[in-house]
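# Fold and geometry: a report
Residues per chain, in single letters:
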Amino acid sequence: MDLPRHWPLPEATDLLGELLAAYDEPTRRYHDRRHLSEVLDRIEELQEEGERFDPLTVTLAAFFHDSVYDGERDAEERSASWAEDALAAHLDADTVAEVARLVRLTETHDPEPDDHSGRVLSDADLAILAAPAERYAEYSATVREEYKHLSDEEFRVGRAQVLERLLEKESLFSTPFARISWEAAARANIAAELEALNSYLSPDR
């Protein structure tokens, strides 16, 4: 898990250290260094498959996208604010603004059709949905751990709603490669998890 290999600002190693420390917070179970590494690997994969985007801003947005994560609804906004504050000394204002925009986009994963950078970051962040069954099971279990302040019933209801909204989307992914390579596996994983959740929510059914 060579995260420094991906870091595009060699003059800002202190900032990299701060970000990695944030991903190491003990309350994190899924949104940790492993997740960050997987997102960065998927960005590289999409680039290798011919997707055109700005590697600098997308890579920086990946590093910042879960830099603040505590289960609260405004985590993406606070992550974007950290990016704006921390990157101002290293990059021009337009580049900083684009990084922050991309970070905020990970709240909805709904990029515009011509937003090539947003499409790549969104797909890379959601690629876990298409993971092999064993990794997907680990992912869903660690998501539950991150919401351990909720009762089992509260979590199952909320998680089921999230999964149902995902399945209602015309497509989970935005880039052609991800739609061809990841869409079917992701829908199968989500459907299986939703079925398991619903069996708990409606045990007599």
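Each remark here, short or long, concerns the structure printed above.
It should be emphasised that the depicted structure is a prediction, and the values quoted were computed from it without experimental measurement.

### Some points on the packing of helix 1 (residues 13–23) against helix 3 (residues 55–64)
Axis separation between helix 1 and helix 3 bottoms out at 10 Å; the angle between their running directions is 45°. With respect to their mutual orientation, helix 1 and helix 3 come out oblique. On the side of helix 1, the interface is formed by Leu15, Leu16, Leu19 and Tyr23, while helix 3 contributes Ala62, Phe63 and Phe64. The residue inventory of the contact of helix 1 with helix 3, partitioned by class, reads seven nonpolar, no polar and no charged.

### Re the packing of helix 4 (residues 75–87) against helix 5 (residues 93–105)
What describes two packed helices is the angle between their axes and the distance between those same axes. The geometry of helix 4 relative to helix 5 is characterised by a closest axis approach of 8 Å and an angle of 165° between their N-to-C directions. Considering their axes alone, helix 4 and helix 5 lie roughly antiparallel with respect to each other. Crossing hand, helix 4 versus helix 5: right-handed. Here Glu76, Glu77, Ser79, Ala80, Ser81, Ala83, Glu84 and Leu87 of helix 4 lie close against helix 5, whose contacting residues are Val96, Val99, Ala100, Val103 and Arg104. Counted by class, the contact of helix 4 with helix 5 contains seven nonpolar, two polar and four charged residues.

### Quick notes on the packing of aromatic side chains
In total, this model carries seven aromatic pairs according to the counting rule given. Ring plane angle 65° and centroid distance 5.3 Å describe the contact between Tyr136 and Tyr139, whose orientation is recorded as edge-to-face. Here Tyr139 and Tyr136 lie together in helix 7 (residues 133–146), a separation of three residues that amounts to about one turn. For Tyr136, a relative accessible area of 5% puts it in the buried group. Judged by relative accessible area, which is 8%, Tyr139 ranks as buried. Pairing Tyr147 with Phe155 gives two aromatic rings, centres 6.3 Å apart and planes at 40°, and the pair type is tilted. By relative accessible area, Phe155 is classed as buried at 9%. Among the aromatic residues, those joined into a ring-pair cluster are Tyr30, Tyr136 and Tyr139.

### Considerations on unusual backbone geometry
The phi angle at His109 is positive, at roughly 50°, despite the residue not being glycine. Position of His109 among the secondary structure elements: in the loop between helix 5 and helix 6 (116–126). We classify His109 as buried; its relative accessible area is 14%.

Rules and cut-offs
- Residues numbered from 1 in each chain as written.
- Predicted model: local features only at pLDDT ≥ 70, side-chain atom pairs only at ≥ 80, totals over all residues.
- Heavy atoms only, no water.
- Axes fitted to C-alpha atoms, helices over the stretch in contact; angles between N-to-C directions.
- Helix = DSSP H or I, 4+ residues; strand = E, 2+ residues; numbered from the N terminus.
- Parallel < 35°, antiparallel > 145°, perpendicular 65-115°, else oblique.
- Contact = heavy atoms within 4.5 Å.
- Nonpolar A, V, L, I, M, F, W, Y, C, P; charged D, E, K, R; others polar.
- Left-handed = near helix turned anticlockwise from the far one by under 90°.
- Phe/Tyr/Trp six-rings, centres within 6.5 Å; stacked < 30°, edge-to-face > 60°.
- Buried < 20%, exposed > 50% of the residue type's maximum accessible area, 1.4 Å probe, protein only.

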